[in-house]
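The primary structure of each chain is shown beneath.
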Amino acid sequence: RRSRKSKKSAVADEDNAITAASDNEDTTPQNDEDGGGVDVAKPTDDEEKEKVEKVEKEEKNEEEGDEDAAEDGKKRKRKRKRKKKAADEAEDAPPTDADAAKIQDVEHTVFIEGLPFTSTEQQVRSFFVTHGCKDILQLRLPTWQDSGRLRGFGHVVFASQETRTLALSDEVNGKNMGNRYITVKEANAPKAGTTAGAVLGGQARDQPKGCKIVYVRNLPYEATEEQIEEAFKTCGKILEGGVRIARNHVNGQAKGFAYVEYKNEESALSAVQKAAKPFGLTVLKRPVFVDYDEGSMKGSFRGSEGKLWSKEHGDSNAGGRGR
């Protein structure tokens, strides 16, 4: 009997345990997709408002940052423009008497050759500046008439003889520029009879009697009649159509020289004498050679538009004209 009673008690205890476990399962919160069985507290209105204000503040700061960056960019652009304008004004400004004398002085000038034909004047300038030759007064770099490209040689004038010495040294001479080695030599003295030669001791010849016409060479190929007249009218009144540029009869391109006819002899004399001074007469910043001309103009001479000069301006002043 005791054995049977013990078994019944054991079965009863087991049933009670199962019932208790079932009750525990029913009272346990069920897992869901959102909270995993944990209640999530909803934000209050104040917290939501604070969050919105924070986002708006961040967006405002970003906009202000963009505006500041744009303003800084505008300031930098204006600064670059001011620097460029100052550099252009400095380049356009006429040289001082001291600088003009140096420009004609071989002791401040070097001859360069070996320049890449595709290079520009600015690249040549940068080449010397990079190697410590910064005080450049003038670059004289001839170009081809048809393409406008550099011919590969030229002259560089420096403000100090120390810089010229540096340019002639191995620090610059023989250095590479655009896969070519640049040669820097001492410049030769100008030949007597040229404008620079007159400054170095040569004298302009006497004016022929009744001569009112001057011959001008070393002109930029792109120079127009108007630009030449603007430079030479400072010496006196020029006749209408008095500036005649020599051109290729096939393509009309300028040959680099021209003739200027004045109303009187005194103006022609003034032009020759002025050109004999350092940087006396320039066209598009280039010093030009000026001499008297005694020839007579050819009847076939044509202007820039290909028209015969005699038909356009008449023959009333043709006596004693240049070629």
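Residues numbered from 1 in each chain as written. Predicted model: local features only at pLDDT ≥ 70, side-chain atom pairs only at ≥ 80, totals over all residues. Heavy atoms only, no water.

*Asks:* What exactly am I supposed to notice about the packing of aromatic side chains here?
*Replies:* Describing an aromatic ring pair means giving the distance of the ring centres and the angle of the ring planes. For the structure on display, the rule yields seven aromatic pairs. Aromatic pair Y215 and Y259: ring centres 5.7 Å apart, planes at 45 degrees, arrangement tilted. Pair noted here: Y215 is in strand β7 (residues 213-217) and Y259 is in strand β9 (residues 254-262), with a separation of 44 residues, a long-range link. Note on F257 and Y259: the rings are 6.2 Å apart at their centroids and 85 degrees apart in plane angle, and the pair reads as edge-to-face. On the basis of relative accessibility, which here comes to 23%, the residue F257 falls in the partly exposed class. With relative accessibility at 5%, the residue Y259 sits in the buried group. Through successive ring pairs, a cluster of aromatic residues spans Y215, F257, Y259 and F289. A cation over a ring is seen here: R151 above W144, with NZ or CZ 4.4 Å from the ring centre. The positively charged end of R180 is found above the aromatic ring belonging to F117, 5.4 Å away from the centroid. (Phe/Tyr/Trp six-rings, centres within 6.5 Å; stacked < 30°, edge-to-face > 60°. Helix = DSSP H or I, 4+ residues; strand = E, 2+ residues; numbered from the N terminus. Buried < 20%, exposed > 50% of the residue type's maximum accessible area, 1.4 Å probe, protein only. Lys NZ or Arg CZ within 6 Å of the ring centre and 35° of its normal.)

*Asks:* In this structure, what is going on with the environment of K255? I would like to understand it.
*Replies:* One can find K255 in strand β9. For the pair K255 and N218, spaced 37 residues apart in sequence, the C-alpha to C-alpha distance is 9.4 Å.

*Asks:* Teacher, can you tell me more about helix α7 (residues 225-232) here?
*Replies:* Two residues of an α-helix separated by three or four positions point the same way, owing to the 3.6 residues in each turn. Among the residues of α7, those classed as buried are E225, I228, A231 and F232. The arc that holds every buried residue of α7, seen down its axis, measures 130 degrees, which confines them to one face. In this structure, the buried side of α7 is in contact with β7, β8 (238-247), β9, α8 (265-275), β10 (282-283) and β12 (289-292). (Arc of directions from axis to C-beta. Contact = heavy atoms within 4.5 Å.)

*Asks:* Help me understand the pairing of β8 in this model?
*Replies:* For a regular strand, side chains alternate in direction, first toward one face of the sheet and then toward the other. Across the 10 residues of β8, seven count as buried, placing the element largely inside the fold. Bridging between β8 and β9 involves five bridges; their strand directions are antiparallel. Residue pairing across strands places V243 opposite V260, the latter belonging to β9. Between β8 and β9, which pair antiparallel one after the other, the connecting turn spans six residues, and G252 there sits at a positive phi close to 80 degrees. (Pairing = 2+ DSSP bridges.)

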